[in-house]
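# Fold and contact review
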Amino acid sequence: MPGPGTASDGPAPTLTSRPPAPGATSGHVRASVEHGLGLIQLDRPKALNALTPAMVTDLTQVLTRWADDTSVHTVVVRSTSARAFCAGGDICLVREEVRANRLDAAMAFFAAEYALNAQIASYPKPYVALLDGVAMGGGLGLSVHGSHRVVTQHSVLAMPETAIGFFPDVGASHFLPRLSPGWGRYLGLTGARVEAAGALRSGLATHHVPRESLDDLIPLLARDGVAALDAAHSPPRAPSPAETVAENALLQVFRTAPLADLATGLAALPEAGAALQALHAACPASLVVTDELLRLGAGDHLKGCLDRELATAATVIRSHDFDEGVRCALVDRGTLPQWTDGDVLQAAASRSLS
């Protein structure tokens, strides 16, 4: 759900949703249909399109209408801003609701967002996400579950939740274990950011189209459907042989090492400094919870993963680590979080997910 930089663009609303009038939107979601193409545009640029309850409601209602609309053959989701597709859910709002003891409102937000993720995963029509700019947390929930994910030379994708005392949610415990071997655990535990080439190698993305070609792609999708993506695909630069060797060694550690041995395995790799640093900076309890969610999710269906994530979120958002992590990352930016001792929480965290 969350992503770095998800700040509010005005007075912070509370996490209460309202039903819009038929066809209306929150002002941060634009929806239109032209020549068979249903186009959704996220329009909250100052907050990097951080998702609010109203935006989730609007997206859900638009997709529901179009699912049975025979005049719509393909759905495209994009941003009106070049800075970000979507940086995640507005996690600062969740923290405010928890601190105000409005847990029901906070959990309603998670439940609605996860239901939207499930809707996208089972959508009956091609669903194309144009991931130009930042796409993190809930932004991946809006895209990875869909049939087609397009990145550009400016794309930056990540699931950075362990750095704020949370865990990769929005169905990440389902899609991360199904990426190319090693990638899901690497991305989920470290919050590493990947650009277009890495997104394609991992399986997060399906196509690469230069940013300057995206506007021209829209009418082609309307005319030709998703066949236009193969025609527009332009592979990014392939990694060098040395980069490939280093990447494979890194992924091998994440593929095979138990959580307790990850730091030792990474320390032996000269090129793994950033991953090692991210592990040391992450919330210890979040690492334990995330690793267990990924293990369980590898053998479960999406609904089971989302249900487990929702139950886990209900516990995690009430923790000291969540409050501390969001405060340091997004409220009092630049301060170092004081995490709860991970050794104390390890057994309890594992039991809570079983």
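Residues numbered from 1 in each chain as written. Predicted model: local features only at pLDDT ≥ 70, side-chain atom pairs only at ≥ 80, totals over all residues. Heavy atoms only, no water.

### Examining the environment of His174
We apply this condition: The secondary structure listing takes helices from DSSP runs of H or I that are at least 4 residues long and strands from runs of E that are at least 2 residues long, numbered from the N terminus. Here's how the labels work: a residue is buried when its accessible area is under 20% of the maximum for its type, exposed when over 50%, partly exposed in between, all with a 1.4 Å probe on protein chains only. Residues count as neighbours in contact if any of their non-hydrogen atoms are within 4.5 Å of one another.
Topologically, His174 is positioned in helix 5 (residues 172–175). His174 gets classed as buried once you look at its relative accessible area, which sits at 18%. Counting along the chain gives 122 residues from His174 to Leu296, while the straight-line C-alpha distance between them is 8.8 Å. Look past the residues within four positions of His174 in its chain and what remains in contact with it is Asp300, His301, Leu302, Cys305 and Glu309.

### Focus on the packing of helix 2 (residues 91–99) against helix 3 (residues 103–121)
Filter applied, for reference: A fitted line through C-alpha atoms serves as each axis, taken over the contacting stretch for helices, and the angle formed by two N-to-C directions is quoted from 0 to 180°. Any angle between 65 and 115 degrees counts as roughly perpendicular, while under 35 counts as roughly parallel, over 145 as roughly antiparallel, and the rest as oblique. Left-handed describes a crossing whose near helix is turned anticlockwise from the far helix by less than a right angle; the clockwise case is right-handed.
Packing of helix 2 against helix 3 leaves a shortest axis separation of 7 Å and a crossing angle of 150°. Comparing the axis directions of helix 2 and helix 3 gives the class roughly antiparallel. As for how helix 2 packs across helix 3, the hand of that crossing is left-handed. Residue-level contacts link Ile91, Val94, Glu97 and Val98 of helix 2 to Leu103, Ala105, Ala106, Phe109 and Phe110 of helix 3.

### Section: empty space enclosed by the protein
Going by this rule: Every definition here rests on a 1 Å grid over the protein atoms only: cavities are sets of points where a 1.4 Å probe fits but cannot get out, pockets are open sets enclosed by protein on both sides within 12 Å along at least five of seven lines, and lining residues have some atom within 4 Å of a point. Grid points are joined across faces, edges and corners, and a volume is the space filled by probe spheres set on the points. Here the term charged refers only to Asp, Glu, Lys and Arg, the term nonpolar to Ala, Val, Leu, Ile, Met, Phe, Trp, Tyr, Cys and Pro, and the term polar to all other amino acids, Gly among them.
This structure, assessed with the given rule, holds one cavity of 30 Å³ or more. Surrounding the largest cavity, Leu140, Ala158, Met159, Leu176, Leu187, Ala192 and Leu204 form its lining. Taken together, the residues that form the lining of the largest cavity break down as seven nonpolar, no polar and no charged.

### Remarks on the sheet that holds strand 3 (residues 74–79)
Rule in force here: Two strands are counted as paired when DSSP detects at least two bridges linking them.
Across the sheet, which stays open at both edges, the six strands sit in the order 1-2-3-5-7-9 with mixed pairing between neighbours. A single partner strand is all that each edge strand has here, and the edge strands are strand 1 (29–34) and strand 9 (207–208). Summarising the sheet, strand 2 (residues 37–42) and strand 3 pair through six bridges and their orientation is parallel. Following the sheet pairing, Leu42 is matched in strand 3 by Ser79.

### Section: the packing of helix 6 (residues 183–190) against helix 12 (residues 273–281)
Between helix 6 and helix 12, the shortest axis-to-axis distance is 9 Å and the interhelical angle comes to 50°. Put simply, helix 6 runs oblique to helix 12. Touching Tyr186, Leu189 and Thr190 of helix 6 are Ala275, Ala278 and Leu279, all from helix 12. Class assignment for the residues of the contact of helix 6 with helix 12 results in five nonpolar, one polar and no charged.

### Re the confidence of the model for the chain
As a reminder, the rule being used: Values of pLDDT, which run from 0 to 100, indicate the predictor's confidence residue by residue.
Mean pLDDT for the chain: 91, with 89% of residues reaching 70 or above. Across residues 4–24, where pLDDT falls below 50, the model places 54 contacts with residues more than four positions away in sequence or in other chains. Ignoring residues within four places in sequence, the model shows residues 344–352, a span with pLDDT below 50, making eight contacts including any to other chains.

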